[in-house]
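Here is how the chains run, residue by residue.
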Amino acid sequence: MTEPILHGGNLREAARRYAIALDDWLDLSTGINPRGYPVPPVPPDAWRRLPEDDDGLADCAARYYGAPRALPVAGSQAAIRALPPLFTRGTVGIAPLAYGEYAPAFARAGHRVVTLDVACRALPATLDHIIVGNPNNPTAERLARETLIEWHARLTSRGGTLIVDEAFADVDDDAAHSLANESARDGLVVLRSVGKFFGLAGIRAGFVLAAPALLDALRDALGAWTVGGPARHAVMAAFADRAWQAETRERLQRDGARLAALLSAHGFDVRATPLFAWTPTPHAPSLQHELATRGIWTRLFDRPGMMPSLRFGLPGTEGDWLRLERAMDEIARQRSPIH
């Protein structure tokens with residue numbers, strides 16, 4: 001039996017473990033915008049009728065991302081599971097700390113998964129495919145667009161593929177890092193999500209940006225009606241609301257900087273995006289526990305051979321911010337120094 005893949009958001013498990021009522025928690029275990037898009041009322045037909053591929057969602061997404069084509073999927077997760085069998089079996093490079101679904105999905109499809117040192121710009125000749133989070137979850141590491149284009153050229157020269165997960169890229173609102181506008185190239189796949197920036201993880205909607213032939217093959221593998229009617233309505237409304245997007249980007253930039261400053265003030269080495277902050281520290285397991293006893297849930301990464309680390313999502317209200325600040329101050333006083 002394979003090991004279960006752990007994700008943030010497992011709040012019910014934390015509530016049972018610490019005997020704290022579910023409603024009494026401050027959940028910082030994900031990188032999801034805590035003040036998500038206010039979806040307008042769903043038209044009755046969205047509930048009653050089967051979804052239709054020609055409703056404009058794919059074109060709407062392509063315009064929003066600046067991509068030639070986009071395929072709606074039931075969150076990036078659906079694509080991660082369906083893509084590996086579509087590639088020639090080979091050696092796949094993945095960062096040692098990355099989104100946990102990729103490695104088992106490619107291994108199940110017969111690929112050999114190895115650790116990729118993203119700091120090394122000279123790619124090993126043994127790699128056939130590479131998976132990169134940009135920015136990476138949870139380490140917040142970001143690679144330059146020029147580096148990724150160079151990697152793509154090297155991989156495609158030997159029949160390989162570059163997969164770029166841009167789930168946390170929407171906060172930037174520019175093309176300085178995204179490869180969305182290059183996604184028609186053979187051997188390049190870009191994954192986008194509406195769950196993080198728009199705070200709509202529950203509707204399970206995302207998009208694959210790639211060359212037409214690969215999108216057609218993926219559509220065939222996934223089958224019909226991958227994204228439901230209410231989700232399609234919500235996404236098209238969110239993509240069209242440019243005012244909300246601009247205001248939210250400004251707020252998230254401020255909040256992300258505030259979170260990083262809060263953790264830095266307690267002596268932690270912090271690496272952050274506007275949606276989460278990550279800190280590697282040997283005290284990560286005990287810090288997660290001490291925060292949990294106060295009803296604050298964070299995401300722990302504790303893997304053999306690596307320093308443990310903790311990821312913090314954004315508090316959603318001023319009261320939530322004050323609760324986190326008080327908890328960190330209490331822990332610092334009780335365990336001086338805690339880092």
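The coordinates are above.
Bear in mind the structure is a predicted one, so any value in this text is a computation, not a measurement.

### Structural notes on the side chain of Thr279
No. 1: The residue Thr279 is located in strand E10 (residues 276-280) in this model.
No. 2: Setting aside residues up to four positions removed in sequence, Thr279 forms contacts with Phe268, Asp269, Pro308, Ser309, Leu310 and Phe312.

### A closer look at helix H7 (residues 212-222)
No. 1: Where H7 is concerned, the buried positions are Leu214, Leu215 and Leu218. For H7, the angular spread of the buried residues around the axis is 100°, confining them to a single face. Along H7, the residues that are exposed and aim more than 90 degrees away from the buried face are Ala213 and Asp220.
No. 2: On the buried face of H7, the contacting elements are strand E2 (71-73), helix H4 (75-82), strand E7 (188-193) and strand E8 (206-210).
No. 3: Gly223 sits one or two residues past H7 and shows a positive phi near 85°.

### Digging into the sheet that holds strand E12 (residues 299-301)
The pairing of strands in a sheet comes from backbone hydrogen bonds and takes either a parallel or an antiparallel form.
No. 1: Ordered by their spatial adjacency, four strands build an open sheet running E9-E10-E13-E12, and the pairing between neighbours is antiparallel. Each having just a single partner strand, strand E9 (271-273) and E12 make up the two edges of the open sheet. Sheet twist, expressed as the average angle between the axes of neighbouring strands with direction ignored, equals 20°.
No. 2: Note that E10 and strand E13 (residues 309-313) share five bridges and pair antiparallel. Bridge pairing in E13 links Pro280 to Ser309.

### Quick look at the pattern of salt bridges
No. 1: Counted according to the given criterion, the structure contains 18 salt bridges.
No. 2: A salt bridge links Asp216 to Arg69, with the nearest nitrogen and oxygen atoms 3.5 Å apart. Within this pair, whereas Asp216 is found in helix H7, its partner Arg69 is found in the loop between helix H3 (57-65) and E2, the two being separated by 147 residues in sequence.
No. 3: Of the residues examined, Asp216 reaches a relative accessible area of 34% and is grouped as partly exposed.
No. 4: Owing to a relative accessible area of 29%, Arg69 belongs among the partly exposed residues under this scheme.
No. 5: As a salt-bridge pair, Arg219 and Asp216 come within 3.0 Å of each other at their nearest N and O atoms. Separated by three residues within a single helix, Arg219 and Asp216 lie in helix H7, roughly one turn from each other.
No. 6: A relative accessible area of 32% means that Arg219 is categorised as partly exposed.
No. 7: Within this structure, Arg69, Asp216 and Arg219 form a network of salt bridges that share partners.

### Here we look at the sheet that holds strand E6 (residues 161-165)
No. 1: Spatially, seven strands are ordered E2-E8-E7-E6-E5-E3-E4 in an open sheet, and the strand pairing comes out mixed. The two strands at the open ends of the sheet, each matched to only one other strand, are E2 and strand E4 (112-115). Strand-to-strand twist in this sheet, taken as the mean axis angle between neighbours without regard to direction, amounts to 20°.
No. 2: Against the sheet, H4 engages E2, E7 and E8, with an angle of about 150° to E7.

### Let's talk about the environment of Arg311
No. 1: With respect to the helices and strands, Arg311 occurs in strand E13.
No. 2: The sequence separation of Arg311 and Ala105 amounts to 206 residues, and the corresponding C-alpha distance is 24 Å.
No. 3: A distance of 2.7 Å separates a polar side-chain atom of Arg311 from the backbone oxygen of Ser29.
No. 4: Within the structure, the side chain of Arg311 is placed 2.6 Å from the side chain of Asn137, a separation counted as a polar contact.

### Re the pairing of E4
No. 1: Where strand E3 (residues 91-94) lies against E4, four bridges are found, and the strand directions are parallel. When the bridges of E4 are listed, Val92 appears paired with Val113.
No. 2: Handedness of the crossover joining E3 and E4 through helix H5 (residues 102-108): right-handed.

What counts and what doesn't
Residues numbered from 1 in each chain as written. Predicted model: local features only at pLDDT ≥ 70, side-chain atom pairs only at ≥ 80, totals over all residues. Heavy atoms only, no water. Helix = DSSP H or I, 4+ residues; strand = E, 2+ residues; numbered from the N terminus. Contact = heavy atoms within 4.5 Å. Buried < 20%, exposed > 50% of the residue type's maximum accessible area, 1.4 Å probe, protein only. Arc of directions from axis to C-beta. Pairing = 2+ DSSP bridges. Axes fitted to C-alpha atoms, helices over the stretch in contact; angles between N-to-C directions. Salt bridge = Lys/Arg side-chain N within 4 Å of Asp/Glu carboxyl O. Polar contact = N/O pair within 3.5 Å; in protein donor to acceptor, adjacent residues only side chain to side chain. Right-handed = clockwise from strand over helix to strand, strands pointing away.

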